[in-house]
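Coordinate analysis (summary)
Listed here are the chains, written in short residue letters.
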Amino acid sequence: DVKVTQSSRYLVKRTGEKVFLECVQDMDHENMFWYRQDPGLGLRLIYFSYDVKMKEKGDIPEGYSVSREKKERFSLILESASTNQTSMYLCASSLVGRGTEAFFGQGTRLTVV
Amino acid sequence: KQEVTQIPAALSVPEGENLVLNCSFTDSAIYNLQWFRQDPGKGLTSLLLIQSSQREQTSGRLNASLDKSSGRSTLYIAASQPGDSATYLCAVSLPAGRRALTFGSGTRLQVQP
């Protein structure tokens, strides 16, 4: 089974802290994604990466950065956490090519106080 | 910009009923359409993937159809069970550029025992 693992299920951080969310996949997928999910707004793409060290901004990249130093790992970084970044964060991965499913991690519920 | 709409937003049915969830998208030039299930506070579980060249996919009691020309997909659930209670999300990816998914806002399904 494809496995996408997020490092934490729940996180509580203080305003202004630098926050790292880690995601690891075990199926050698080229594509990896970070989404956030908020009530009434659905899932929105923050960043995605199609190869090691390659990244592309999604729809809401402001306040975030990413790192992909190894193929299996994709990190989301909140440079200076703010309360409006309180959300559910979801990581996903997929192969390049037609007919390839996206697989999601279990999610990280981040609360910024 | 691709927009994905799901109707209804919420649905409550008695156990044993057959039901249909609807998904529509504005740009018919899609690459894939994927249906997911999400339980409260959890990540997304992939249910079915339909490639743009396909008309339907089946898995157990689930059947998903795709009509690309009209920008519509349906998820049919046969003989619903209380364990089917969850939020169902559809998502599409476009052929050009990044292959990230654009999500609908979901249908929250409650199956009453």
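Each value, and the rule that gives it
Residues numbered from 1 in each chain as written. Chains lettered and ligands numbered in written order. Predicted model: local features only at pLDDT ≥ 70, side-chain atom pairs only at ≥ 80, totals over all residues. Heavy atoms only, no water. Pairing = 2+ DSSP bridges. Helix = DSSP H or I, 4+ residues; strand = E, 2+ residues; numbered from the N terminus. Axes fitted to C-alpha atoms, helices over the stretch in contact; angles between N-to-C directions. Contact = heavy atoms within 4.5 Å. Buried area = accessible area lost by both parts, 1.4 Å probe. Polar contact = N/O pair within 3.5 Å; in protein donor to acceptor, adjacent residues only side chain to side chain. Disulfide = S-S within 2.5 Å. Buried < 20%, exposed > 50% of the residue type's maximum accessible area, 1.4 Å probe, protein only. Core = buried A, V, L, I, M, F, W, Y, C linked by side-chain atoms within 4.5 Å. Salt bridge = Lys/Arg side-chain N within 4 Å of Asp/Glu carboxyl O.

So, about the sheet that holds strand E7 (residues 64-70) of chain A. Strand pairing in a sheet relies on backbone hydrogen bonds. The paired strands run either parallel or antiparallel. All names here are of chain A. Across the sheet, four strands lie side by side as E1-E3-E8-E7; this open sheet has antiparallel pairing. Of all the strands in the sheet, the pair left with one neighbour each is strand E1 (4-6) and E7. Adjacent strand axes in the sheet meet at a mean angle of 20°, parallel and antiparallel pairs treated alike.

We now examine the sheet that holds strand E7 (residues 62-67) of chain B. All names here are of chain B. Spatially, the five strands line up as an open sheet ordered E1-E3-E8-E7-E6, and their pairing is antiparallel. The open sheet has two edge strands, strand E1 (4-7) and strand E6 (56-59), and neither has a second partner. Direction aside, the axes of adjacent strands within the sheet are offset by 15° on average. In the sheet, E6 pairs with E7 via four bridges, with the strands oriented antiparallel. The residue of E7 that forms the bridge with threonine 58 is asparagine 63.

Here we come to the interface of chain B and chain A. Taken together, the contact pairs 19 residues of chain B with 21 residues of chain A. Across the chain B/chain A interface, buried area totals approximately 1800 Å², and carbon plus sulfur atoms make up 54% of it. At the boundary of chain B with chain A, the tally comes to six residue pairs in polar contact (both at pLDDT 80 or more). Elements supplying a minimum of two residues to the side of chain B that touches chain A: strand E4 (32-38) and strand E5 (44-51) of chain B.

Residues and elements named next belong to chain B. Counting across every chain of the model gives two disulfides over all chains. Note that cysteine 23 is cross-linked by a disulfide to cysteine 90, the S-S spacing being 1.9 Å. Measuring the twist about the S-S bond at about 75°, one finds the cysteine 23-cysteine 90 disulfide to be right-handed. One end of the pair, cysteine 23, is in strand E3 (residues 19-25); the other, cysteine 90, is in strand E9 (residues 86-93), with 67 residues separating them in the sequence. Neither cysteine 23 nor cysteine 90 differs from the other in exposure class; each is buried.

Of all hydrophobic cores here, the largest spans 22 residues; its most connected members are Phe25, Leu33, Trp35, Leu75, Ile77, Tyr88 and Leu109 of chain B. In terms of nonpolar packing, the next biggest core, distinct from the first, is built from 20 residues, Val4, Tyr47, Phe74 and Val112 of chain A among them.

Once that is clear, we can look at the pattern of salt bridges. Residue and element names in this part refer to chain A. Counted according to the given criterion, the structure contains seven salt bridges over all chains. Measuring nitrogen to oxygen at the nearest pair gives 3.2 Å for the salt bridge that ties lysine 71 to aspartate 28. Here lysine 71 is found in the loop between E7 and strand E8 (73-78), whereas its partner aspartate 28 is found in the loop between strand E3 (19-25) and strand E4 (31-38), with 43 residues between them in sequence. The class of aspartate 28 is exposed, set by a relative accessible area of 51%. Among the ionic pairs, aspartate 38 bridges to arginine 36, the shortest N-O distance being 2.8 Å. Residue aspartate 38 is classed as buried on the basis of its relative accessible area, which comes to 10%.

Residues and elements named next belong to chain B. Note on placement: serine 12 falls in strand E2 (residues 10-14). Sequence separation of serine 12 and arginine 108 is 96 residues, and the distance between their C-alpha atoms is 8.4 Å. Beyond its immediate chain neighbours, meaning those up to four positions away, serine 12 contacts Gln110 and Gln112. Engagement of the side chain of serine 12 in a polar contact is seen with the side chain of glutamine 112, the distance being 3.0 Å.

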